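Given next are the chains, with one letter for each unit.
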Amino acid sequence: MRTQVAIIGGGPSGLLLSQLLHTRGIDSVVLERKTKGYVLGRIRAGVLEQGFVTLMEEAGCADRLHAEGITHDGTLVSYGDELFRVDFKEHTGTPVVIYGQTEVTRDLYEAREKSGGKIEFNVENVVIHGADTETPYVSYAVDGEARRLDCDFVAGCDGFHGVSRQTIPLDVRREYEKVYPFGWLGILSETPPVNHELIYANSPRGFALCSMRNENLSRYYIQCSLSDKPEDWTDEAFWQELKRRIPADQAAKLVTGPSIEKSIAPLRSFVTEPMRWGRLFLCGDAAHIVPPTGAKGLNTAASDIHYLYRGLREFYESASTDGIDSYSEKALARVWKAERFSWWFSSLMHRYPDQSEFDLKMQVAELEFLRSNKAAQQAMAENYVGLPY
Ligand SMILES: Cc1cc2nc3c(=O)[nH]c(=O)nc-3n(C[C@H](O)[C@H](O)[C@H](O)COP(=O)(O)OP(=O)(O)OC[C@H]3O[C@@H](n4cnc5c(N)ncnc54)[C@H](O)[C@@H]3O)c2cc1C
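Along each chain, residues carry numbers from 1 onward, in the same order as the chain's sequence is written. With pLDDT at 70 or above as the cut-off, local features in this predicted model cover only qualifying residues; side-chain atom pairs require 80 or more to be listed or tallied, and sums for whole chains, interfaces and linings still use all residues. Processing note: side-chain calculations cover all non-hydrogen atoms of the structure and skip hydrogens and water entirely.

*Asks:* Sorry, what's going on with the overall build of the chain here?
*Replies:* Secondary structure is summarised from DSSP: a helix means a run of H or I of at least four residues, a strand means a run of E of at least two, and numbering begins at the N terminus for each. Looking only at helices and strands, the chain features 14 helices and 20 strands. Principal axes of the C-alpha set define a box for the chain whose edges measure 60 × 40 × 40 Å. Buried means the residue's accessible area, taken with a 1.4 Å probe over protein chains only, is under 20% of the maximum for its type, while exposed means over 50%, and partly exposed covers the values in between. Per-residue burial over the chain gives 54% buried out of 389 residues. The contact rule is simple, with two residues in contact once any of their heavy atoms fall within 4.5 Å. By sequence separation, contacts in the chain at least 24 residues apart represent 72% of the contacts at least 6 residues apart. Of the accessible surface of the chain, which amounts to about 16,200 Å², a share of 50% is contributed by carbon and sulfur atoms. We score Asp and Glu as negative and Lys and Arg as positive, and we do not count His or the chain ends. For charged residues, the charge sits on one atom: NZ in Lys, CZ in Arg, CG in Asp, CD in Glu. Of note, the chain has its 43 positive side-chain charges centred 1 Å away from the centre of its 54 negative side-chain charges. Only the protein chains shown count as cover for residues, and the accessible areas themselves come from Shrake-Rupley with a 1.4 Å probe.

Laid out in structure tokens, this is it:
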């Protein structure tokens, strides 16, 4: 089989790239290791930057997002019983949109299927060959049958545990990593959100986040130990702990109910450089990870896709390699800023095992500064709604 762009990974990065390329008549094939049902069942991101929304519009996939997405003009931040709001609209003129990653992925799958896009599920043993030549190809197997996909370019959209990053030789690849000494225990429940905007809470018992997917679907997180397992936490224990970590007036109005999903995510900051090797381009979680504080993971994946899509368009439409040649540099410049913001916000909001009394005072001083200082709020708002592409 032959295509112009082989895309490894049928998560949001791979699907968005494939659909965008399709709008310009550029052919691609997506290779996904899991089933469609499995990919759609992964509960992950929920906060979309305007840049992401614009890309979905460009891909022709934004109708449901516009109809069902919830616009947020700001967010709440609490420490102890103190609560303040950072107004995105006032500081940047831009809101964010609440729309689950599962819904984004569903819309993209539907669009790809409608336009006859080729997606192979359950692929195994994916190997990228000749990425440093002009004739790369991908070998893989489906149901034990060996297959080969010849292409002009390979987009590595296969997440943190994929094969694409590992294809770049170790003497070329440089990796930067910070692993945080805690995780997030998250639950999804069919209950109305405690507040119409997100609440990020710094409490003496650890971080908490009150988030949502829609008016009757709430997503809550609490900071937990890395040794905890989801089954260690009954729903009752989770709700009790969450109530202790958010301001008393919010806890009093929290509606609880059975969890329909419960999972623990470790927190990590990670970047690999470069994001291009020959004709292989890394996108999204294949190249970088952020801790979810600040909701930058999916959004940073989208900015990679923006740069790569434009580069590939330039290549096919005007035979220019400028866009693909500058892909890694441009993508990384924005990635590192998203990494900084996510690291800063995580450091501000969590309890660390080795935190001294001095460190705790610094957190409170910074939160009080953020609460009272317009410039600090503006900086946070600009980063939260997403820096320009
Ligand atoms: C609990 C949690 C909460 C999050 N919250 C947010 C948030 O609020 N906002 C935000 O912006 N981000 C958030 N994120 C991050 C966001 O979910 C990711 O950044 C996003 O999924 C990245 O998309 P991707 O397509 O690059 O990678 P993935 O979603 O990981 O998709 C990669 C795909 O590649 C497939 N694959 C892997 N290996 C292979 C292989 N060898 N061959 C073929 N296919 C392969 C995988 O099965 C997968 O489908 C969160 C993440 C977690 C875990």
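Once the structure has been displayed, the description carries forward.
*Asks:* Explanation requested: the sheet that holds strand 6 (residues 82-87) in the structure shown.
*Replies:* Sheet strands pair via backbone hydrogen bonds, and the direction of the pair is either parallel or antiparallel. Between any two strands, pairing holds if DSSP finds at least two bridges. Pairing within the open sheet is mixed, and its 8 strands lie in the order 6-5-14-15-16-13-17-20. Edge positions in the open sheet fall to strand 6 and strand 20 (288-289), since each of these has one partner strand only.

*Asks:* Help me understand the packing of aromatic side chains in this model?
*Replies:* Within a pair of aromatic rings, the relevant descriptors are the distance that separates the centres and the angle that separates the planes. Between 30 and 60 degrees the pair is tilted, below 30 it is stacked and above 60 it is edge-to-face, where a pair is any two Phe, Tyr or Trp rings, Trp via its six-membered ring, whose centres lie within 6.5 Å. In the structure shown here, the tally under the stated rule is 24 aromatic pairs. Each ring, one from Trp184 and one from Tyr221, has its centre 4.8 Å from the other, and the planes form 50 degrees; the classification is tilted. Taken as a pair, Trp184 in strand 13 (residues 174-189) and Tyr221 in strand 16 (residues 217-224) lie far apart in primary sequence, 37 residues in all. Residues Trp184 and Tyr221 agree in their burial class; the two are buried.

*Asks:* What am I meant to see in the site of the ligand here?
*Replies:* Taken together, 31 residues surround the ligand, and among them Ser13, Glu32, Arg42, Gln101 and Leu298 come closest. Polar contacts here mean pairs of N or O atoms no more than 3.5 Å apart (in protein, one a potential hydrogen donor and the other a potential acceptor; neighbouring residues in sequence count only if both atoms are side-chain atoms). One of the backbone nitrogen or oxygen atoms of Ala295 is found 3.2 Å away from an oxygen atom of the ligand. Within the backbone of Leu298, an N or O atom sits 2.6 Å from an oxygen atom of the ligand. Coverage of the ligand by the protein amounts to 90% of the 1,000 Å² it exposes when considered alone. A cutoff of 4 Å decides nearness: a residue is near a molecule or strand if any of its heavy atoms lies inside that distance of it.

*Asks:* Would you mind going over helix 1 (residues 12-23) with me for this structure?
*Replies:* To estimate how far a helix should extend, the number of its residues minus one is multiplied by 1.5 Å. In this model helix 1 runs 17 Å from its N-terminal to its C-terminal C-alpha over 12 residues, within 8% of the 16 Å that 1.5 Å per residue would give. With 10 of 12 residues buried, helix 1 lies mostly within the body of the structure. For helix 1, the full list of buried residues reads Pro12, Ser13, Gly14, Leu15, Leu16, Leu17, Ser18, Gln19, Leu20 and Leu21. After helix 1 finishes, the residue Gly25 shows a positive phi value of roughly 75 degrees.

*Asks:* Could you clarify how one ought to interpret the UniProt feature "domain: FAD-binding" (unreviewed entry) in the chain in this entry?
*Replies:* Per the UniProt record, "domain: FAD-binding" (unreviewed entry) is annotated on residues 2-342. Taken as a whole, residues 2-342 contains 33% helix and 32% strand, while its terminal C-alpha atoms sit 40 Å from one another. UniProt positions are given in the numbering used here, feature names are shortened, and annotations may be inferred rather than shown by experiment.

*Asks:* Even after reading the chapter, I still don't get the packing of helix 12 (residues 327-349) against helix 13 (residues 357-372), so can you show me in this structure?
*Replies:* Describing two packed helices takes the angle between their axes plus the distance from one axis to the other. Lines fitted to C-alpha atoms define the axes here, with helix axes fitted over just the stretch in contact, and angles between the N-to-C directions of these axes take values from 0 to 180 degrees. Contact geometry of helix 12 with helix 13 gives a least axis separation of 9 Å together with a crossing angle of 115 degrees. Residue-level inspection shows Trp344, Ser347, Leu348 and Met349 of helix 12 in contact with helix 13, the latter providing Gln363, Glu366, Leu367 and Leu370. For the contact of helix 12 with helix 13, the class distribution of residues is 5 nonpolar, 2 polar and 1 charged. Think of it as three bins: nonpolar holds Ala, Val, Leu, Ile, Met, Phe, Trp, Tyr, Cys and Pro, charged holds Asp, Glu, Lys and Arg, and polar takes everything else, Gly as well.

*Asks:* Looking at this model, I keep getting lost on the sheet that holds strand 10 (residues 137-142). Mind explaining?
*Replies:* Strand order across the open sheet formed by 3 strands is 9-10-11, with antiparallel pairing between neighbours. The strands lining the two open edges of the sheet, one partner per strand, are strand 9 (124-129) and strand 11 (145-150). The mean angle between the axes of side-by-side strands here comes to 15 degrees, regardless of whether they run parallel or antiparallel.

*Asks:* How should the domain arrangement of the chain be read in this particular structure?
*Replies:* It is common to report an interface's size as the accessible area lost on association of the parts. Domain ranges listed in this record stem from an automatic or a database domain assignment. Under the domain assignment, the chain is made up of domain 1 (5-70 + 98-177 + 269-345) and domain 2 (180-267 + 351-385). Distance between the C-alpha centres of domain 1 and domain 2: 29 Å. At the interface, 23 residues of domain 1 touch 20 residues of domain 2. Accessible area that two parts lose when put together, evaluated with a 1.4 Å probe and summed over both, is termed the buried area. Both sides of the domain 1 and domain 2 interface together cover about 1,800 Å² of buried area, and 65% of this is carbon and sulfur. Whenever Lys or Arg places a side-chain nitrogen within 4 Å of a carboxyl oxygen from Asp or Glu, that contact is recorded as a salt bridge. The interface formed by domain 1 and domain 2 includes 0 salt bridges.

*Asks:* Would you mind showing me how to read the packing of helix 10 (residues 297-318) against helix 12 here?
*Replies:* Taken N-terminus to C-terminus, the directions of helix 10 and helix 12 make an angle of 160 degrees; their axes are 9 Å apart at the nearest point. Looking at the two axes, helix 10 sits roughly antiparallel to helix 12. When you trace helix 10 past helix 12, the crossing you get is right-handed. In this structure, helix 10 uses Asn299, Thr300, Ser303, Asp304, Tyr307 and Leu308 to contact helix 12, whose residues at the interface are Tyr327, Lys330, Ala331, Arg334, Val335 and Ala338. Partitioning the contact of helix 10 with helix 12 into residue classes produces 6 nonpolar, 3 polar and 3 charged. Under this scheme an angle from 65 to 115 degrees is roughly perpendicular, one under 35 degrees roughly parallel, and one over 145 degrees roughly antiparallel; angles in between are oblique. Note on convention: near helix rotated counterclockwise from far helix by under a right angle means a left-handed crossing. Clockwise means right-handed.

*Asks:* Is there a simple way to think about the state of the cysteines in this case?
*Replies:* Between two cysteines, a covalent bond joining their sulfur atoms is known as a disulfide. Here, the term disulfide refers to a pair of cysteine sulfur atoms separated by no more than 2.5 Å. This model, assessed by the stated rule, comprises 0 disulfides. We note that Cys210 lacks a disulfide partner, and the nearest cysteine sulfur, in Cys224, lies 16 Å from it.

*Asks:* Got a minute to help me understand the pattern of salt bridges in this structure?
*Replies:* Pairing is possible between side chains that carry opposite charge, provided their charged atoms lie close to one another. Per the counting criterion, the structure on display carries 27 salt bridges. The residue Glu145 makes a salt bridge to Arg147 at a minimum N-O spacing of 3.2 Å. By relative accessible area, Glu145 is classed as partly exposed at 46%. A salt bridge links Arg205 to Glu241, with the shortest nitrogen-to-oxygen separation between them at 2.8 Å. Here Arg205 is found in the loop between strand 14 (199-202) and strand 15 (208-214), whereas its partner Glu241 is found in helix 8 (residues 235-245), with 36 residues between them in sequence. The class for Arg205 is partly exposed, based on a relative accessible area of 44%. Classification of Glu241 by relative accessible area gives buried; the value is 7%. Look at the salt bridges and you will find they share partners, linking Arg64, Glu68, Glu103, Arg106 and Asp107 into a network.

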